[in-house]
Amino acid sequence: NSQMSALAYNYNQLWCGFLELYNAGECDAFAMLHSDLEVVGHPYWDEGGSWADFMWDKMQEKDLCCLSVVNAIKSREGHSSVAMGQGPSGQRRLSLAELENLPPTFDSDEFYEATGTTLLINTGIMLIKPDPVWVHEFHFEFLDKLVRNQEGKMVPYMYPEDWQMSRYFHSHNCKYGATSEVKTL
């Protein structure tokens, strides 16, 4: 129950709580739902199933270590929570219109085949099924640094925890994905 505004720290507190349950054999998946998001529909909705049940089934079907829900970013540009990564500082958010060219649920391999880039997902609504090889090594982190912009001026740069998580999964050969089948507000 942290009162801190440090997101990665708070997420890591949750991850440590999950690890206690995981190590005791009481839990095999980690779910996250940010307080600013609300699930308003999914394929199991009418049957009384949860978004986590639907996502777990999709993860099993596609053999994923993580599945994230595509969310609209609250802006005028029509951006989504999904981005494409092209190196350590070359990433770009995808628009909701661009995502319409992908399947409703897609994985990192399918994304790479379609775009030639790394899939960067969001932590807003997600489910992680950890691999015993990396479960105790994984953690959430931000990458903050100073970089020189095109004009030669030093500017702050922040690489968010969700994109760091995506790169972690990618570097550990864990297939992960995103779905627009879970509807949010």
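Above this note sits the structure.
Residues numbered from 1 in each chain as written. Predicted model: local features only at pLDDT ≥ 70, side-chain atom pairs only at ≥ 80, totals over all residues. Heavy atoms only, no water.

Student: How should I be thinking about the overall build of the protein in this particular structure?
Tutor: When you go through the protein residue by residue, the secondary structure sums to five helices and twelve strands. Relative to its length of 185 residues, the protein is compact, with a C-alpha radius of gyration of 17 Å against a globular reference of 16 Å. With the C-alpha coordinates of the protein rotated into their principal frame, the extents come out at 55 × 35 × 30 Å. Summarising the internal contacts of the protein: among those between residues at least 6 apart in sequence, 66% fall at separations of at least 24. Accessible surface, the protein: about 10,200 Å² in total, of which carbon and sulfur atoms supply 50%. Counting 13 positive and 26 negative side-chain charges, the protein places the centres of these two groups 11 Å from one another. (Helix = DSSP H or I, 4+ residues; strand = E, 2+ residues; numbered from the N terminus. Rg over C-alpha atoms; globule rule 2.2 N^0.38 Å. Contact = heavy atoms within 4.5 Å. Areas by Shrake-Rupley, 256 points an atom, 1.4 Å probe, with all protein chains shown as cover. Lys, Arg positive; Asp, Glu negative; His and termini not counted. Charge placed at Lys NZ, Arg CZ, Asp CG, Glu CD.)

Student: Any chance you could explain the sheet that holds strand β1 (residues 30-33) here in plain terms?
Tutor: Two strands in a sheet stick together by hydrogen bonds in their backbones, pointing the same way (parallel) or opposite ways (antiparallel). What the five strands build is an open sheet, ordered β1-β8-β3-β11-β6; its pairing is mixed. In this open sheet, the two strands that pair with only one neighbour each are β1 and β6 (105-107). Taken over all neighbouring pairs, the strand axes of this sheet differ in orientation by 15° on average, direction set aside. As judged from the four bridges shared by β1 and strand β8 (residues 125-128), these two strands associate in the antiparallel manner. Bridging across to β8, Ala31 finds its partner in Leu127. (Pairing = 2+ DSSP bridges. Axes fitted to C-alpha atoms, helices over the stretch in contact; angles between N-to-C directions.)

Student: I keep staring at the pattern of salt bridges and nothing clicks. Help me out?
Tutor: In a structure, side chains of opposite charge can pair up when their charged atoms sit close to one another. One pass over the full model with this rule turns up six salt bridges. Taking the shortest distance from any N to any O, the salt bridge between Lys62 and Glu110 comes out at 3.2 Å. Of this pair, Lys62 sits in helix α2 (residues 51-62) while Glu110 sits in helix α4 (residues 108-115), placing them 48 residues apart in sequence. Judged by relative accessible area, which is 14%, Lys62 ranks as buried. Take Glu110: its relative accessible area is 29%, and that puts it in the partly exposed class. Of the charged contacts, one joins Glu98 and Arg92 as a salt bridge, the two residues approaching to 3.1 Å between their closest N and O atoms. Take Arg92: its relative accessible area is 37%, and that puts it in the partly exposed class. Counted as one network, the salt bridges with shared partners bring together Lys62, Asp107, Glu110 and Lys175. (Salt bridge = Lys/Arg side-chain N within 4 Å of Asp/Glu carboxyl O. Buried < 20%, exposed > 50% of the residue type's maximum accessible area, 1.4 Å probe, protein only.)

Student: Could you clarify how one ought to interpret the pairing of β8 in this entry?
Tutor: Within a regular strand, side chains alternate between the sheet's two faces. Neither face of β8 is left uncovered, since the one carrying Ile125 and Leu127 and the one carrying Met126 and Ile128 both have all their residues buried. When strand β3 (residues 66-69) meets β8, the two strands line up antiparallel, connected through three bridges. Its bridge partner being in β8, Cys66 is matched across the sheet by Ile128.

Student: Please explain the layout of surface pockets as it appears in this structure.
Tutor: To find leftover empty space, one rolls a probe the size of a water molecule over the atoms. There is about 260 Å³ of room inside the largest pocket. Residue lining of the largest pocket: 13 residues in total, with Val70, Asn71, Ala72, Leu96 and Thr184 positioned closest to the centre. In this structure, the second largest pocket encloses a volume near 180 Å³. Asp36, Leu37, Ile73, Lys74 and Asn122 are, among the 13 residues lining the second largest pocket, the residues nearest its centre. For the lining of the second largest pocket, the residue count by class is three nonpolar, six polar and four charged. (1 Å grid on protein atoms, 1.4 Å probe; cavity = no way out; pocket = protein on both sides within 12 Å on 5 of 7 lines; lining within 4 Å. Points joined across faces, edges and corners; volume = space filled by probe spheres on them. Nonpolar A, V, L, I, M, F, W, Y, C, P; charged D, E, K, R; others polar.)

What is shown is where atoms sit, not what they do.
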